[in-house]
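Read off the chains here:
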Amino acid sequence: MAGSHALSRVEPLLLVAVGGFAGAVLRHSVALATPGVAAVDGAVVGTLVVNVVGSFALGVLLYEAHLANVLSAETRLVVGTGFLSSFTTYSTFAVQTSGLPPALAVANVAANYALAFAGVVLGRLVARWLS
């Protein structure tokens, strides 16, 4: 009996770890594959891309979970808490922004917040349309 209780406590951690590993690997891959745009480093563009795409996916996931509840709690742990929290990144965004010239730093902050928020809203709209 004690073994099954311990396993039930460890299972959510393993689900988050698996999702987190996959999200971090994919985030790194996007950063490597994203070319620089004009005076902006490719890593900065890659971080913007993952933050917007991840916010869109989280908008779909949270909206679906709230209304339709089609996904299991385990799937939401793997995808939401694990994968998407590792795929998107505030800390990398903050570090990269602090290294940019002031005008580009302001543009990067505005782009990340505005586009990520728009991604969540669009994700919710898509989830509503699909359900």
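Cut-offs applied
- Residues numbered from 1 in each chain as written.
- Predicted model: local features only at pLDDT ≥ 70, side-chain atom pairs only at ≥ 80, totals over all residues.
- Heavy atoms only, no water.
- Buried < 20%, exposed > 50% of the residue type's maximum accessible area, 1.4 Å probe, protein only.
- Helix = DSSP H or I, 4+ residues; strand = E, 2+ residues; numbered from the N terminus.
- Arc of directions from axis to C-beta.
- Patch = residues over 30% accessible without salt bridge, like charges linked within 9 Å, V, L, I, M, F, W, Y side chains within 5 Å.
- Areas by Shrake-Rupley, 256 points an atom, 1.4 Å probe, with all protein chains shown as cover.
- Salt bridge = Lys/Arg side-chain N within 4 Å of Asp/Glu carboxyl O.
- Phe/Tyr/Trp six-rings, centres within 6.5 Å; stacked < 30°, edge-to-face > 60°.

*Asks:* Before we go on, may I ask you to explain helix H4 (residues 90–98) in this structure?
*Replies:* Note: α-helices contain 3.6 residues per turn, so residues at a spacing of three or four share the same orientation. Among the residues making up H4, those that are buried are Phe-93, Gln-96 and Thr-97. Across the axial projection of H4, the buried residues extend over an arc of 100°, all falling on one side. The exposed set on the far side of H4, more than 90 degrees from its buried face, consists of Ser-91, Val-95 and Ser-98.

*Asks:* Would you explain a nonpolar patch on the surface in this entry?
*Replies:* A grouping of Phe-117, Val-121, Leu-122 and Leu-125 is seen on the molecular surface, where their side chains present a nonpolar patch of about 390 Å² in accessible area. Among the structural elements, Val-121 can be located in helix H5 (residues 102–130). Owing to a relative accessible area of 36%, Val-121 belongs among the partly exposed residues under this scheme.

*Asks:* Hey, could you run me through the environment of Ala-33 in this one?
*Replies:* Counting through the fold element by element, Ala-33 comes out in helix H1 (residues 2–33). Residue classification places Ala-33 among the exposed positions, given a relative accessible area of 62%.

*Asks:* Teacher, can you tell me more about the packing of aromatic side chains here?
*Replies:* The geometry of an aromatic ring pair comes down to the distance between the two centres and the angle between the two planes. Overall, the coordinates contain three aromatic pairs when judged by the stated rule. Relative to Phe-87, the ring of Phe-83 lies with its centre 5.5 Å away and its plane at 10°, an arrangement referred to as stacked. Of the two residues, Phe-83 and Phe-87 are both situated in helix H3 (residues 73–87); the distance of four residues between them amounts to about one turn of the helix. Judged by its relative accessible area of 21%, Phe-83 is partly exposed. Arranged with centres 5.5 Å apart and planes meeting at 65°, the rings of Tyr-90 and Phe-93 form a pair that is edge-to-face.

In short, the description is geometric, and any link to function would need to be established separately.
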